[in-house]
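# Working through the structure, step by step
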Amino acid sequence: MRRAIFPGSFDPPTNGHLDIIKRSLPLFDEIIIAVLNNPDKNPLFSVEERSDMIREILPLVMNGGCDVTVDSFSGLTADFARRSGATAIVRGIRAVSDYEYELRMALMNRRLEPSIETVFLMADEEYSYVSSTLMKQVFMLGGRVAGLIPELVEARMRDKLKVQP
Ligand code: PNS
């Protein structure tokens, strides 16, 4: 059984996240999308709202071969991965600028849990500049984010921020 976790803030989930999930499906039997419970970072969406959004957009990429579930966690990613019985942590890399931060996290996670490997997947170049932070900023300032986040996520942002369509 090849089980992986895909941890992140997902505030909100983007098409870049979905692209990474789609690419990880053929590699694992089971993937747990692990939403970080990070109230101290003052997220736009609660951990429940983020988890629900992911559950609702998952059908956009599911192909039936891999079991994908959504869970949330607090504390260390490495601890959550061990508790979940995962042997891999999936992370997406968009550009070289992601590499240094991701390398530090991967090495620290390996030190904490030597049996768990971090697997880096490259997002489609179409999403190489897409981040949750940028999406929120552009959306709040009235810019177009269609095609970069799922329609459902855009609707939830509109509701949350009381933005007119
Ligand atoms: O989507 P993000 O914000 O890039 O995800 C970052 C995340 C959640 C993977 C990272 O902040 C994390 O693992 N946080 C949990 C605390 C932890 O394990 N920190 C040490 C990492 S080496």
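A brief structural summary. This one's a predicted model, so the numbers in the text were calculated from it and none came from an experiment.

Moving on to the packing of helix α5 (residues 132-140) against helix α6 (residues 151-161). For the pair α5 and α6, the least separation of the axes is 11 Å and the interaxial angle reads 55°. Judged by the angle between their axes, α5 and α6 are oblique. Between α5 and α6 the crossing geometry is right-handed. Two secondary-structure elements touch here, α5 through Met135, Lys136, Phe139 and Met140 and α6 through Glu154, Met157, Arg158 and Leu161.

All residues adjacent to the ligand are Gly8, Ser9, Leu36, Gly75, Leu76, Thr77, Arg91, Tyr101, Met105, Met108 and Asn109. Contacts to the ligand include serine 9, whose side-chain N or O atom sits 2.6 Å from an oxygen atom. Between the ligand and threonine 77, the relevant distance is 2.5 Å, taken from an oxygen atom to a side-chain nitrogen or oxygen of the residue. Burial of the ligand by the protein chains amounts to 75% of its free accessible area of 550 Å². Looking at the shell around the ligand element by element, the count peaks at four residues for helix α4 (residues 96-112). Here the shell around the ligand is built from residues that sort into five nonpolar, five polar and one charged.

This brings us to the sheet that holds strand β4 (residues 88-93). Across the sheet, five strands lie side by side as β3-β2-β1-β4-β5; this open sheet has parallel pairing. The open sheet is flanked by β3 (67-73) and β5 (117-122), the only strands paired with a single partner. Taking each pair of neighbouring strands and ignoring which way they run, the sheet shows an average axis angle of 30°. As judged from the two bridges shared by strand β1 (residues 3-8) and β4, these two strands associate in the parallel manner. Note that in β4 the partner of alanine 4 across the bridge is alanine 88. Sheet strands in contact with helix α1 (residues 15-24) are β1, β2 (30-36), β4 and β5, and its direction is about 115° off that of β5. Contacting β4 and β5, α4 crosses the sheet at an angle of about 175° to β4.

Definitions and limits used
- Residues numbered from 1 in each chain as written.
- Predicted model: local features only at pLDDT ≥ 70, side-chain atom pairs only at ≥ 80, totals over all residues.
- Heavy atoms only, no water.
- Axes fitted to C-alpha atoms, helices over the stretch in contact; angles between N-to-C directions.
- Helix = DSSP H or I, 4+ residues; strand = E, 2+ residues; numbered from the N terminus.
- Parallel < 35°, antiparallel > 145°, perpendicular 65-115°, else oblique.
- Left-handed = near helix turned anticlockwise from the far one by under 90°.
- Contact = heavy atoms within 4.5 Å.
- Near = heavy atom within 4 Å.
- Polar contact = N/O pair within 3.5 Å; in protein donor to acceptor, adjacent residues only side chain to side chain.
- Areas by Shrake-Rupley, 256 points an atom, 1.4 Å probe, with all protein chains shown as cover.
- Nonpolar A, V, L, I, M, F, W, Y, C, P; charged D, E, K, R; others polar.
- Pairing = 2+ DSSP bridges.

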